[in-house]
Amino acid sequence: MNNQINKNSNKENEVALQQLTELQDELAQRLKNLSADRSSSHSIDSSEQAVERENDEVVDQLENDTREELEQVQHAIKRIENGTYGICAKCEEEISPQRLKAIPYATLCINCADT
Ligand SMILES: [Zn+2]
């Protein structure tokens, strides 16, 4: 037996890990859909190029946001694995369970996130 993960109850980490894994799948799927959207828009004829470019910018922005969120989710999964999940990265206090429920990949407690 190893007891590396002893800062939080394993049960809570299990729930969080499941939530994060689902979120990860969802975000990865969304990224896939976004890049599919973009490649299909390239067939639009030249009179609609301005609209297409505008649309591409929106898709780019969405894609960036989604990718960033995905990275945070993956980071949180790593933190569960190494036993630092739920600990504030700044003050090292525990992040409240309510906050983790709302933002499962939060790395800062509510006090540090506020400042
Ligand atoms: Zn903090």
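On a predicted model such as this, the values are computed, not experimentally measured, just so you know.

Participant: So what about helix α2 (residues 49-82)? Which residues, and what values?
Facilitator: Over its 34 residues, α2 runs 48 Å from end to end, which matches the ideal 50 Å to within 8%, given 1.5 Å per residue. All of the buried residues along α2 are V73, A76 and I80.

Participant: An account of the nonpolar core is needed here, citing residue identities and associated values.
Facilitator: Counting 13 residues, the largest nonpolar core has A16, L20, V73, A76, I95 and Y105 as the members making the most contacts within it. Broken down by secondary-structure element, the contributors of at least two residues to this core are α1 (10-41) and α2.

Participant: If you had to explain unusual backbone geometry to someone new, which residues and values would you point to?
Facilitator: Backbone phi values are negative for most residues with the exception of glycine, while trans is the configuration of most peptide bonds. The backbone of E92 sits at a positive phi, close to 65°, despite the residue not being glycine. Checked against the element boundaries, E92 lands in the loop between α2 and α3 (97-102).

Participant: Can you break down the environment of E14 residue by residue, with the values?
Facilitator: Topologically, E14 is positioned in helix α1. C-alpha separation for the pair E14 and I80, spaced 66 residues apart in sequence, amounts to 8.7 Å.

Participant: Would you mind going over the confidence of the model for the protein chain in detail, with residue names and values included?
Facilitator: The pLDDT averaged across the protein chain works out to 86; a share of 83% of its residues lies at or above 70. Averaged pLDDT values for the elements of the protein chain fall to 88 in α1 and rise to 94 in helix α4 (residues 110-114). Taken as a whole, residues 1-5 scores under 50 in pLDDT and shows four contacts with residues more than four places along the chain or in a different chain.

What counts as what
- Residues numbered from 1 in each chain as written.
- Predicted model: local features only at pLDDT ≥ 70, side-chain atom pairs only at ≥ 80, totals over all residues.
- Helix = DSSP H or I, 4+ residues; strand = E, 2+ residues; numbered from the N terminus.
- Expected span 1.5 Å × (residues − 1).
- Buried ≥ 20, exposed ≤ 12 C-beta atoms within 10 Å, placed from the backbone.
- Core = buried A, V, L, I, M, F, W, Y, C linked by C-beta atoms within 7 Å.
- pLDDT = per-residue confidence, 0-100.
- Contact = placed C-beta atoms within 7 Å.

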